[in-house]
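Survey of secondary and tertiary structure
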Amino acid sequence: MRFVFALITTLFAWLPIGATACDGAVACPLGDRSYHVRVPDTWDGTSALPVLVHFHGWGRDGAQVLRNGRIATLDVAENVLLLAPTGRNGSWAFRQPGSDDTDFANAMIEDAAARYPIDRSQIFVSGYSWGANMAWRFACESGDGIAALLAVSGSLSQNEDCTTAPDAVFQVYGKTDNVLDFPIGRGGDETYVVSLWRRQLGCSDDQTGTQDGPWNARDFLTFERTSWGCPNGRVVLDLHPGGHFIPHDWIALQVRDLLDQS
């Protein structure tokens, strides 16, 4: 009981003057918008926290992200501060450069940093579907401070002219996705979906990735992984035979890999 009281006291100590307490089901207000936050289960109340920003899919909201067992699980639930912004009308403005959702996400990170001690060297950005498109847009415009992009079943045009890039990119896609069709390049190139990030991180267009072979997070779904060690960062592509969904444990396992390398 003393530990719980001390932890609660520490949480409130991190709140800036005038800020409301928010966690879990209670949204954090930010201007005319809001986001949700989940404190990791193992946090001691003082240590700097890695951060995962997750952009929800179309028609969803930040509260649903926190309840999603394919996002808030394993290392994400145990070790990472999960920030879940809510898009206007359940959507995101990712199609054009200069997105106000990029500004909102940056403001959210700063607001969370005033509430909790965050580790600026371990900020990860993820998203699913429409949210993966937004995660790409955010990395394209504010990626210099991002340790990794984790995108699920979504991307942007590979012809985008991005001004920034994250340190690492992890992309997963189902080859039979019929919601956001899996993009294939010339000659049936199945690695085309990450060609933008390979260029941004210094790989040449003709640089062949390493075939890391099949792997499983769960027995019923096999991923085929290709990776590139580019001069300015790492790109990883996982393909599976399924459709449009967040694979069990995929986000958390990439986070674990990133935390183990830090």
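This report concerns the structure included in the present document. (Residues numbered from 1 in each chain as written. Predicted model: local features only at pLDDT ≥ 70, side-chain atom pairs only at ≥ 80, totals over all residues. Heavy atoms only, no water.)

This brings us to the state of the cysteines. Tallied over the entire structure, the rule returns 3 disulfides. Disulfide partner of Cys-140: Cys-162, at an S-S distance of 2.1 Å. The chirality of the disulfide connecting Cys-140 with Cys-162 is left-handed, given an S-S dihedral of about -110 degrees. Of this pair, Cys-140 sits in helix H5 (residues 130-142) while Cys-162 sits in the loop between strand E6 (148-152) and strand E7 (168-174); the two residues are 22 residues apart in sequence, bridging distant segments of the chain. For the residue pair Cys-140 and Cys-162, the accessibility class agrees, reading buried in each case. Between Cys-203 and Cys-230 runs a disulfide, and the two sulfur atoms are separated by 2.0 Å. (Disulfide = S-S within 2.5 Å. Helix = DSSP H or I, 4+ residues; strand = E, 2+ residues; numbered from the N terminus. Buried < 20%, exposed > 50% of the residue type's maximum accessible area, 1.4 Å probe, protein only.)

Our next topic: helix H7 (residues 250-261). The end-to-end C-alpha distance of H7 is 17 Å, a good match for the 16 Å that 12 residues give at a rise of 1.5 Å each. Along H7, the residues that are buried comprise Trp-250, Ile-251, Ala-252, Gln-254, Val-255, Leu-258 and Leu-259. (Expected span 1.5 Å × (residues − 1).)

A separate point is the side chain of Thr-73. Mapped onto the secondary structure, Thr-73 falls in the loop between helix H2 (62-67) and helix H3 (74-79). For Thr-73, a relative accessible area of 15% corresponds to the buried category. Contact partners of Thr-73, with chain neighbours within four places excluded, come to Asp-249 and Ala-252. (Contact = heavy atoms within 4.5 Å.)

By definition, the strands of a sheet pair up through backbone hydrogen bonds, in either a parallel or an antiparallel sense. Sheet architecture is open: 10 strands sit in the order E1-E2-E4-E3-E5-E6-E7-E10-E9-E8, paired in mixed fashion. At either end of the open sheet lies a strand with only one pairing partner, and these are strand E1 (28-30) and strand E8 (210-218). Strand-to-strand twist of the sheet, defined as the mean angle between neighbouring strand axes without regard to direction, takes the value 20 degrees. Relative to strand E5 (residues 118-128), strand E3 (residues 49-55) runs parallel, the two sharing 6 bridges. Bridge assignment links Phe-55 to a residue of E5, and that residue is Gly-127. Contacts from H7 reach E3, E5, E6, E7, E8, strand E9 (221-230) and strand E10 (233-240), with the element oriented near 165 degrees to E6. (Pairing = 2+ DSSP bridges. Axes fitted to C-alpha atoms, helices over the stretch in contact; angles between N-to-C directions.)

With 7 of 7 residues buried, E3 is to be regarded as a mostly interior element. Judged by which residues are buried, E3 turns out to be covered on both faces: Leu-49, Val-51, Val-53 and Phe-55 on one side and Pro-50, Leu-52 and His-54 on the other are all buried. The pairing of E3 with strand E4 (residues 81-85) spans 3 bridges and is classified as parallel. By the bridge assignment, Val-53 is partnered in E4 with Leu-83.

A few words now on the packing of aromatic side chains. For the coordinates displayed, the defined rule picks out 7 aromatic pairs. Plain terms: the ring middles of Trp-43 and Tyr-116 are 6.1 Å apart, the flat faces sit at 70 degrees to each other, and that makes the pair edge-to-face. Of the two residues, Trp-43 sits in the loop between strand E2 (33-38) and E3 while Tyr-116 sits in the loop between helix H4 (100-115) and E5, which places them 73 residues apart along the sequence. Note on accessibility: Trp-43 and Tyr-116 belong to one class, buried. Taking the centre distance of 5.1 Å and the plane angle of 90 degrees together, the rings of Phe-94 and Trp-130 count as edge-to-face. With Phe-94 in the loop between E4 and H4 and Trp-130 in helix H5, the pair connects residues that are 36 residues apart, well separated along the chain. Taken together, the aromatic side chains of Phe-55, Trp-92 and Phe-138 make up a single cluster linked through ring pairs. Taking NZ or CZ as reference, Arg-33 lies 3.9 Å from the ring centre of Phe-104, over its face. (Phe/Tyr/Trp six-rings, centres within 6.5 Å; stacked < 30°, edge-to-face > 60°. Lys NZ or Arg CZ within 6 Å of the ring centre and 35° of its normal.)

With 54 residues, the main nonpolar core has Phe-55, Leu-81, Leu-83 and Trp-197 as its most contacted residues. Contact partners of Phe-55, with chain neighbours within four places excluded, come to Pro-85, Trp-92, Ala-105, Val-125, Ser-126, Gly-127, Tyr-128, Gly-131, Met-134, Ala-135 and Phe-138. Membership of the second largest hydrophobic core comes to 28 residues, among which are Ala-72, Leu-150, Ile-246 and Trp-250. (Core = buried A, V, L, I, M, F, W, Y, C linked by side-chain atoms within 4.5 Å.)

Let us now look at the environment of Asp-219. The residue Asp-219 is located in the loop between E8 and E9 in this model. Sequence-wise, Asp-219 and Leu-150 are 69 residues apart; in three dimensions their C-alpha atoms are separated by 22 Å.

A few words now on the environment of Ser-142. Turning to its location among the elements, Ser-142 is positioned in helix H5. Classification of Ser-142 as buried rests on a relative accessible area of 18%. If sequence neighbours within four positions are ignored, Ser-142 has contacts with Thr-102, Asn-106 and Thr-164.

By themselves, these observations are geometric and do not establish any function.
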